[in-house]
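Results of the structural survey
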Amino acid sequence: RSGAKEIWTMDHDGSNQKQVTRYASISTTPAFSRDNAKIAFTSFRRGTPGIAIVTADGGRQLTFLNPPETSVVTTPEFTPDGRQILLSTKIGSGFANIFIANADGSGLSRVTTARAVEVE
């Protein structure tokens with residue numbers, strides 16, 4: 001509709017459509033927190049892919065600190081308690097692997113060490 005790939009929400013039947021992001025960029029792979037209060041997604045609004053989090057009710061931007069030493073941070077997913085986020089990133093040399101961080105991006109810790117790209 002806007003010429004950009006934005007995040008939208010809607011009811012299961014397609015009614016009640018609401019635009020969540022307005023970045024005029026690519027926003028993809030949305031994930032809702034279990035309480036449906038927050039949406040985490042991959043955003044290219046700063047040029048390289050990074051994680052962004054907004055409130056589901058109005059798209060208010062929440063804090064998420066993407067790792068500064070990497071150019072790829074993608075595919076977020078909330079843990080069941082909503083306190084942490086699993087994501088894929090490449091830090092140092094090698095392949096993108098799965099990491100876990102607090103919901104604000106702090107406390108980043110590697111989960112997998114595969115010699116292959118892991119994004120889910």
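Residues numbered from 1 in each chain as written. Predicted model: local features only at pLDDT ≥ 70, side-chain atom pairs only at ≥ 80, totals over all residues. Heavy atoms only, no water.

1. Topic: the overall build of the chain
Applicable threshold: Starting at the N terminus, helices and strands are each numbered in turn, a helix being any DSSP run of H or I of at least four residues and a strand any DSSP run of E of at least two. Atoms counted for the radius of gyration: C-alpha only. Globule rule: 2.2 Å times the number of residues to the power 0.38. We call a residue buried when its accessible area falls under 20% of the maximum for its residue type, exposed when it is over 50%, and partly exposed in between, using a 1.4 Å probe and counting protein chains only. Every residue pair with non-hydrogen atoms within 4.5 Å of one another is taken to be in contact.
Regarding its fold elements, the chain presents zero helices and ten strands. Moving toward the C terminus, one meets the helices and strands of the chain in the order β-β-β-β-β-β-β-β-β-β. Since a compact globule built from 120 residues should have a radius of gyration of about 14 Å, the 14 Å found for the chain is in line with a globular shape. If you line up the chain on its principal axes, its C-alpha atoms span 45 × 30 × 25 Å. When the 120 residues of the chain are sorted by exposure, 38% land in the buried category. Summarising the internal contacts of the chain: among those between residues at least 6 apart in sequence, 20% fall at separations of at least 24.

2. Observations regarding the sheet that holds strand β6 (residues 61–62)
Put simply, the rule reads: Strands are labelled as partners when DSSP assigns at least two bridges between them.
Read from one edge to the other, the open sheet built from four strands follows the order β3-β4-β5-β6, with strand pairing classed as antiparallel. With partners counted over all chains shown, the strands left at the sheet margins are β3 (27–32) and β6, one partner each.

3. Some remarks on the environment of Ser109
Structurally, Ser109 is set in strand β10 (residues 109–110). In this structure Ser109 comes out as partly exposed when scored by relative accessible area, which is 36%.

4. So, the packing of aromatic side chains
Filter applied, for reference: Here a Phe, Tyr or Trp ring, Trp counted by its six-membered ring, pairs with any other such ring whose centre lies within 6.5 Å, and the pair is stacked when the planes are under 30 degrees apart, edge-to-face when over 60, and tilted otherwise. A ring is considered to have a charge above it if a Lys NZ or an Arg CZ atom is located within 6 Å of its centre and within 35 degrees of its normal.
Applying the stated criterion across every chain, the model contains one aromatic pair. Seen from the ring of Tyr23, Arg45 lies directly overhead, with NZ or CZ sitting 4.7 Å from the centre.

5. Some points on the nonpolar core
The cut-off we apply is this: Side-chain atoms within 4.5 Å link the members of a nonpolar core, which is a set of buried Ala, Val, Leu, Ile, Met, Phe, Trp, Tyr and Cys residues.
Residues Ala40, Ile51, Ile53, Phe64, Val73, Phe78, Ile85, Leu87, Phe99 and Ala101 constitute the largest nonpolar core, which totals ten residues. At the level of secondary structure, the elements contributing two or more residues to this core comprise β5 (50–55), β7 (73–78), β8 (84–89) and β9 (97–102). Look past the residues within four positions of Ala101 in its chain and what remains in contact with it is Arg83, Gln84, Ile85, Leu87, Ser106, Gly107 and Leu108. Grouped together as the second largest cluster of nonpolar side chains are seven residues, Val20, Ile39, Phe41 and Ala56 included.

6. Quick look at the pairing of β5
Counting buried positions along β5 gives six out of six residues, so the element sits mostly inside the fold. Every second residue of β5 is oriented toward a common face, with Gly50, Ala52 and Val54 on one face and Ile51, Ile53 and Thr55 on the other, all of them buried. Looking at chain direction, strand β4 (residues 38–43) and β5 are connected through six bridges and run antiparallel. Paired with Phe41 across the two strands is Ala52, which belongs to β5. Here β4 folds back onto β5, and the loop between the two strands holds six residues, one of which, Gly47, carries a positive phi near 105°. Between β5 and β6, which follow one another and run antiparallel, lie five residues, and Gly59 among them has a positive phi close to 75°.

7. Side note on unusual backbone geometry
Positive phi values are uncommon outside glycine, yet Asn16 reaches one of about 60°. In this structure, Asn16 sits in the loop between β1 (8–9) and β2 (18–19). In this structure Asn16 comes out as partly exposed when scored by relative accessible area, which is 44%. Of note in this structure, Ala24 is not a glycine but carries a positive phi near 55°. Take Ala24: it is sitting in the loop between β2 and β3.

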